[in-house]
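Per-entry structural report
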Amino acid sequence: MDNLLEIKNLHARIGNREILKGIDLTIGRGEIHAVMGPNGAGKSTLNAVLTGRADYEVTEGTIVYDGKDLLSMSPEERSWAGIFLSFQYPVEIPGVTITAFMKAAVQARRKAQGLPEMKTPEFLKLLKEKMAFVQMKPEFAKREVNVGFSGGEKKRNEIFQMALLDPTLSILDETDSGLDVDALKIVADGVNALRSPEKSAIIITHYQKLLEYVQPDVVHVLKDGRIVCTGGREVIDAIEQKGFDQF
Amino acid sequence: MGHGNYIDPFEISPRASLGRNDKEGGLGRNDSSPVISSGAEGGVEKSYFVGAGEKLSLTFVVLPGESRDIEVAIDLVGEGAEVDLKGLYLCGGDERVTFRILMHHRVPGCVSRQLFNGIAGGSARVSFEGRIIVAPDAQKTEAFQENHNILLSEQAHVETTPQLEIYADDVKCSHGATIGRLDEEALFYMRTRGIPEDEAKVLQMLSFLAPVTPEADRERVEKAVIQLV
């Protein structure tokens, strides 16, 4: 099977308000897709449904990920299956160090996959390697997750976690983000480094800025809960010139 | 302080530390933990007098299984006395846990710090009454008190009532109390990284309790937290 993700006729609502009104989206293995759209288009909802947030209700449609029914999977099961969400606003977890956090994540996945626990030296080596990969200072290993981090440090921490968990599908939520250029580059480098024929990514964004650093294979425009345009790089140029009203 | 009749089946004093607050030795004597989680159901009343230059460090650990009524009175009676009082409580079922703390600064230049963190699930009821009295003569007193609570269920109930009675004018005193729930956003964040929901809850609860968990009791606290989830 060539497609990693197949979204068909997806309808979702929060409370009584229907936000996604029939989305069709197919992502092949090795592809990077950008989903762009104005505020209120449904970008956050699409992201929330893909990652399993409880407050959104899917009323119609299906999502098949790697041959499995994604909507029946819990957030942790999605993670074990290789999905990673990079948060727009990473959450602080006081009292839990990055090392403890990532160790819990790695061991939980191994347990779910029926593998024995990773030995501590092996884990620490992996941790060190991935921190170096995203140019994160070693002392961050002992810091509490995101506590007192700057915006750029939080982004770097997200990309570090992405690199360590080595996902098959990365979902990057940059919906309204006022990312500065440095943070953009961190994200872009991380995504580009993980590019491979088996791995895919979805970049959900309002702005074209990030897409100057990451070359998407396919660009979708999301508007009023539907995909209204799908194309290549030229779609980004069109948005840059005339905004979202043209669609 | 009249204690009346009470049964005290708990041997607390050996694990409490009361030491000289001397310059060479520093202040680092603590990790004392009267564990009052086992033994007969019932109340505990304790009173302490802390003299000049002495330091008292006490940690109360209440683990699930029984209701407790704990009354502690501490009198700071000598200049330079210092008290570190901590409490950790975990309760579920229909347990009742009550803390009544009296921290009485009777003389100048003493310091007291209190930190009580607890988690209530099931239909447990927790009551925390923390009273600090600073006598008219007790200038340069520093007295701090914090009580933080997490509710795990709709039926659990926590009441926290700090009381400050300050009769001196040159003092530093503060108190803070919070009652909240587990941070759903943090739980979701952990789950998206593959940490199962229950384990994410345990991690969050242990980190909340960490500042009041004595090293010697870490394992049993962890076990109790896992049980409570």
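Residues numbered from 1 in each chain as written. Chains lettered and ligands numbered in written order. Predicted model: local features only at pLDDT ≥ 70, side-chain atom pairs only at ≥ 80, totals over all residues.

**Some words on the overall build of chain A**
Along its length, chain A carries seven helices and twelve strands. Here the C-alpha atoms of chain A give a radius of gyration of 18 Å, agreeing with the 18 Å that 2.2 N^0.38 yields for 247 residues. The C-alpha extent of chain A, read off along each of the three principal axes, is 55 × 40 × 35 Å. Split into buried and exposed, the 247 residues of chain A put 42% on the buried side. (Helix = DSSP H or I, 4+ residues; strand = E, 2+ residues; numbered from the N terminus. Rg over C-alpha atoms; globule rule 2.2 N^0.38 Å. Buried ≥ 20, exposed ≤ 12 C-beta atoms within 10 Å, placed from the backbone.)

**Considerations on the pairing of strand E7 (residues 111-120) of chain B**
Residue and element names in this part refer to chain B. Counting buried residues in E7 gives eight out of ten residues, a clear majority hidden from the surface. As paired strands, strand E5 (residues 82-91) and E7 are joined by ten bridges and run parallel to one another. In the strand pairing of E7, Asp 84 is matched with Arg 113. Taken together, the ten bridges between E7 and strand E9 (residues 142-151) define a ladder with parallel strand orientation. The residue bridging Ala 120 from the neighbouring strand is Leu 151, located in E9. (Pairing = 2+ DSSP bridges.)

**Some remarks on the interface of chain B and chain A**
Taken together, the 16 residues of chain B in the interface contact 19 residues of chain A. Per-element tally for the side of chain B that touches chain A: the top contributor is helix H1 (residues 184-192) of chain B, with six residues. Considered class by class, the residues forming the side of chain B that touches chain A number eight nonpolar, three polar and five charged. (Contact = placed C-beta atoms within 7 Å. Nonpolar A, V, L, I, M, F, W, Y, C, P; charged D, E, K, R; others polar.)

**Quick look at helix H6 (residues 181-193) of chain A**
All names here are of chain A. Compared with the 18 Å implied by 1.5 Å per residue over 13 residues, the 18 Å span of H6 between its first and last C-alpha is a close match. When we look at burial in H6, the residues that qualify are Ala 183, Leu 184, Ile 186, Val 187, Ala 188, Gly 190 and Val 191. Buried residues in H6 make contact with helix H5 (151-165), strand E9 (169-174) and strand E10 (200-205). (Expected span 1.5 Å × (residues − 1).)

**Looking at the sheet that holds strand E6 (residues 83-86) of chain A**
Residues and elements named next belong to chain A. Read from one edge of the open sheet, six strands run E6-E9-E10-E3-E11-E12, paired in mixed fashion. Since the sheet does not close on itself, it has two edges, and those belong to E6 and strand E12 (226-231), each with one partner. Adjacent strand axes in the sheet meet at a mean angle of 20° when their direction is disregarded. Bridge analysis of E6 against E9 gives four bridges, and the strand direction is parallel. Looking across to E9, one finds that Phe 84 is bridged to Ser 170. Sheet strands in contact with helix H1 (residues 43-51) are strand E3 (32-36), E6, E9, E10 and strand E11 (218-223), and its direction is about 145° off that of E9. (Axes fitted to C-alpha atoms, helices over the stretch in contact; angles between N-to-C directions.)

**A few points about helix H3 (residues 218-228) of chain B**
All names here are of chain B. Among the residues of H3, those classed as buried are Val 221, Ala 224, Val 225 and Leu 228. Viewed along the axis of H3, the buried residues span an arc of 100°, placing them on a single side of the element. In H3, those exposed residues whose orientation departs by more than 90 degrees from the buried face are Glu 219 and Lys 223. (Arc of directions from axis to C-beta.)

**A word on the confidence of the model for chain A**
Reading fine detail from the predicted coordinates is not recommended where pLDDT is low. Residues of chain A with pLDDT of at least 70 account for 98%, and the chain-wide mean is 92. Taken element by element, chain A is modelled with least confidence in H6 of chain A, mean pLDDT 84, and with most confidence in helix H2 (residues 75-80) of chain A, mean pLDDT 97. (pLDDT = per-residue confidence, 0-100.)

**Some points on unusual backbone geometry**
Leave glycine aside and you will find that most residues have negative phi; peptide bonds, for their part, are mostly trans. All names here are of chain A. The phi angle at Asn 9 is positive, at roughly 45°, despite the residue not being glycine. Among the secondary structure elements, Asn 9 is positioned in strand E1 (residues 3-14). C-beta crowding within 10 Å serves as the criterion here: with 12 such atoms nearby, Asn 9 is assigned to the exposed category. The backbone of Asn 146 sits at a positive phi, close to 65°, despite the residue not being glycine. For Asn 146, the location among the structural elements is in the loop between strand E8 (144-145) and H5.

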